[in-house]
Amino acid sequence: MRETRIVPEFVTSFPAELEPGHLYVSARFSTAAHLCACGCGREVITPLSPAQWVLTFDGTVTIWPSIGNWALPCQSHYVIDRGTIKWARNFTCDEIQLNRESDHRILDAVPASQGRWWGRLLRRLTGH
Amino acid sequence: MSPGNNPGHGEHTVTIFVNTREFQWDKKEISYEEVYNLAFPNEPLNDGDVARIEYSRGHNGGGAGSLQPGGTVKVKENMVFDVYVTVRS
């Protein structure tokens, strides 16, 4: 069943089994996980950094930019906006290929660990 | 290996974190495919899809980088891996 809402859960490590409708956020590892909002049950990982996804928490969660699950059988595409799933349009095969190449090119140009200083600091302080 | 499943291989076993989850690894190196399988067991990629694997807290200074299909990297205690197939769109 398609999700319409998602609520944050702040954790150190993701649980072995994620629950639908929850966005698990790890500050220590600077990443987030949820089950695909389409209901297919696949785990979606969104590392958090200025070069990857950016999380905003104001009591609700926003993740930007949008999440394109092109590698999953469902190929779902949505935005998490203030705790709400906003569905985005399907991409064609050509658009998916262009999107993937563009995203990877950008990531290759900017080290993913850049800007993730808070995670490194937290790990240093906690000794892990 | 699954979380907390320490095979008991002794001094060469290190703790690594894959998508925040803790694993014990008893080899000196880990490959792209092995990291992917720790992150997403039983979820093979579709043809043409590539998972991004980025690591930090490895060897060589800052120890950060990315793993490419077919590649390997030396492991280090408390090394961190991000594995994901989702694309920003």
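Residues numbered from 1 in each chain as written. Chains lettered and ligands numbered in written order. Predicted model: local features only at pLDDT ≥ 70, side-chain atom pairs only at ≥ 80, totals over all residues. Heavy atoms only, no water.

## Some thoughts on the sheet that holds strand β5 (residues 65-67) of chain B
All names here are of chain B.
- The 5 strands are arranged β2-β1-β7-β4-β5 in an open sheet whose pairing can be described as mixed. The open sheet is flanked by β2 (21-25) and β5, the only strands paired with a single partner. The mean inter-strand angle of the sheet, taken between neighbouring strand axes irrespective of direction, is 30°.
- Bridging between strand β4 (residues 52-56) and β5 involves 3 bridges; their strand directions are antiparallel. Across the sheet, the residue bridging to I53 is L67, located in β5. (Pairing = 2+ DSSP bridges. Helix = DSSP H or I, 4+ residues; strand = E, 2+ residues; numbered from the N terminus. Axes fitted to C-alpha atoms, helices over the stretch in contact; angles between N-to-C directions.)

## Details of helix α1 (residues 32-39) of chain B
Residue and element names in this part refer to chain B.
- Among the residues of α1, those classed as buried are Y32, V35, Y36, L38 and A39. All buried residues of α1 fall inside an arc of 160° around its axis, so they share one side.
- Tucked inside the fold, the buried residues of α1 contact β1 (14-18), β2, β3 (29-31), β4, β5 and β7 (79-84). (Buried < 20%, exposed > 50% of the residue type's maximum accessible area, 1.4 Å probe, protein only. Arc of directions from axis to C-beta. Contact = heavy atoms within 4.5 Å.)

## Concerning the sheet that holds strand β4 (residues 43-47) of chain A
Residues and elements named next belong to chain A.
- Taken together, 4 strands build an open sheet; the order of strands is β1-β2-β3-β4 and the sheet is mixed. In this open sheet, the two edge strands, each paired with only one partner strand, are β1 (7-11) and β4. Here the strands of the sheet are splayed against their neighbours by 25° on average, with no regard to which way each runs.
- Sheet topology places β1 next to strand β2 (residues 22-26); 5 bridges connect them, and they run parallel.

## With respect to the packing of aromatic side chains
- Going through the model one piece at a time under the given rule, you end up with 7 aromatic pairs over all chains.
- A ring pair is formed by A:F10 and A:F57, whose centres lie 5.0 Å apart and whose planes are at 80°; its orientation type is edge-to-face. A residue pair is termed long-range when its members are at least 10 positions apart, and A:F10 in strand β1 and A:F57 in strand β5 (residues 54-57) qualify at 47 residues.
- Aromatic side chains B:Y55 and B:F81 sit 6.2 Å apart centroid to centroid with 55° between the ring planes, which places their arrangement in the tilted category. One end of the pair, B:Y55, is in strand β4; the other, B:F81, is in strand β7, and 26 residues separate them in sequence.
- Taking the ring centre of A:W87 as reference, the NZ or CZ of A:R2 above it sits at 3.7 Å.
- One Lys or Arg, A:R28, reaches over the ring of B:F17 and ends 5.0 Å from the middle of that ring. (Phe/Tyr/Trp six-rings, centres within 6.5 Å; stacked < 30°, edge-to-face > 60°. Lys NZ or Arg CZ within 6 Å of the ring centre and 35° of its normal.)

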